[in-house]
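Spelled out from the first residue to the last, the chains are:
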2 protein chains.
Amino acid sequence: MARKTGSHSDITGPRIRAEAQRLFARHGFAAVSMRQIAAAVGVQAGALYLYTPDKEALLFDLLNSHMEELLAAWATEPRGVGPREGLEIFVRFHIRFNLTRAEAVFLSYMELRNLNPENFAVIEGLRKRYETELEALLKAGQEANAFLVPDTKLATMAIIAMLTGVNTWFREGGRLSRETVETIYWDMVRKAVGA
Amino acid sequence: MARKTGSHSDITGPRIRAEAQRLFARHGFAAVSMRQIAAAVGVQAGALYLYTPDKEALLFDLLNSHMEELLAAWATEPRGVGPREGLEIFVRFHIRFNLTRAEAVFLSYMELRNLNPENFAVIEGLRKRYETELEALLKAGQEANAFLVPDTKLATMAIIAMLTGVNTWFREGGRLSRETVETIYWDMVRKAVGA
DNA sequence: GTCTATAATCTGATAGAC
DNA sequence: GTCTATCAGATTATAGAC
């Protein structure tokens, strides 16, 4: 069962992504050097290029994985029995999922500008798909007369911005539990859409 | 009226700040070099150091000015005759002011991490002061039984995140005018706080 | 007030030994 | 798969001429 000397490809790849995410989120993509990432992983800078063609591809991989995981996780959430329950599930899901991926969420909002146009379009497409999921819920509720929403597009953007904002101030062990925060935000969203 | 050769201190200072803001917002603080800023202004890199001790002080100056101007502008807004009108004035003010300073708003949210701890604390203090203005409005409305807000701190964060989010998608000349957007957002905020 | 020149260091990425 | 060494160029900031 002896391993070949210095061969850790199964573990080094994920470690590079983890350390890159941590460093990019903390200092910003441009401020972090390949050498810093390598040092955090415990390899030399040259070794990184076995796992990524360049620095930008590393960033794209992080953003792309995050968005794919977000959509996949949402797909496994239960559908509500009506518009109101469906929206509550979305609100709670968004807060909960984003809080467990704070670094990735931060990167996805802050470092998009460091992607080339093709990669940027991919991430924007995935983000749009997620927004459309919420907008569909709002439209359905509006048509069923369960909600009173003057503009579903604006309501979509308003709700997502409001929910994502939790990431900027929430701290585990603070005044309120995550569950309580979810409930209070759901109360505000529910009233805002007239449900 | 002849000027001394190459003397433009009255105009170069503001130009440096304007170009730095534009470049930092577009590419990120770390990704922009002092040479790029100098080139955009039309001077050599060395000349920048007559106006700023270093790159970080330039960023701090931009963030600090923005926050001071935000607070000063809010201070000149009319007070509403009641909690409801007061909140509407805040909602419209926040959207309107932030849309006219999109680059500065973006920087204030994205580049805080590039400040040293002292400068960071200054900006955080100013931001907190602004948040407290909104929270006071919500508390007053709650006590007057004009609003029904389960948690004024969370409502403050939720409303600010929601309103600031307009900056990420609003484009002049798009589907809706700024006035219309203000009105729709005010409708959502009003309902969310039970007014 | 602006310029040129420069110091000292760091950058992303590659080549080739092991 | 990882290392060392290296390339070619960029970085912030300063010194001193004009």
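Remarks on the domain arrangement of chain A
Residues and elements named next belong to chain A.
- Taken domain by domain, chain A comprises domain 1 (1–52) and domain 2 (54–192).
- Here the C-alpha centroids of domain 1 and domain 2 sit 29 Å apart.
- Every contact between the two is made by 15 residues of domain 1 and, on the other side, 14 residues of domain 2.
- For the pairing of domain 1 and domain 2, the buried interface totals around 1400 Å² over both sides, and the portion due to carbon and sulfur atoms is 68%.
- Counting across the interface, domain 1 meets domain 2 through one salt bridge.

So, the relation of the copies chain B and chain A
- Under the fitted operation, chain B is carried onto chain A by 0.0 Å of movement along the axis and a turn of 180 degrees, and the coordinates agree to an RMSD of 0.1 Å. Here the symmetry operator amounts to a two-fold rotation axis.

A few points about the interface of chain B and chain A
- Facing the 35 residues of chain B at the interface are 35 residues of chain A.
- Between chain B and chain A lies a buried interface of about 2700 Å² when both sides are counted; carbon and sulfur atoms form 67% of it.
- Three residues, Arg-113, Leu-154 and Lys-191 of chain B, lead the burial of chain B against chain A; their summed loss comes to 25% of the area buried on that side.
- Here chain B and chain A share four salt bridges between them.
- When the shortest N-O distance is used, the salt bridge between Glu-111 of chain B and Arg-113 of chain A registers 3.1 Å.
- Summed over the shared surface of chain B and chain A, the number is eight residue pairs in polar contact (both at pLDDT 80 or more).

Calculation criteria
Per chain, residue numbering runs from 1 following the sequence as it is written. Written order determines the labels here, with chains lettered from A and ligands numbered from 1. Only residues with pLDDT of at least 70 get local features here, since the model is predicted, and only at 80 or more are side-chain atom pairs given and counted; chain-wide, interface and lining totals rely on the full set of residues. Heavy atoms throughout the structure, all of them, feed into the side-chain values; hydrogens and water do not. Per the annotation, domain bounds derive from an automatic or database assignment of domains. Contacts are assigned to residue pairs with any non-hydrogen atoms lying within 4.5 Å of each other. Summed over both partners, the accessible surface that disappears when two parts come together, traced with a 1.4 Å probe, is what is meant by buried area. We count a salt bridge whenever a side-chain nitrogen from Lys or Arg sits within 4 Å of a carboxyl oxygen from Asp or Glu. Copies overlap after least-squares fitting; the atoms used are the C-alpha atoms of residues with pLDDT of at least 70 in both. A 3.5 Å cut-off defines polar contacts: any pair of N or O atoms within that distance qualifies, except that in protein one atom must be a possible hydrogen donor and the other a possible acceptor, and neighbouring residues in sequence count only when both atoms are side-chain atoms.

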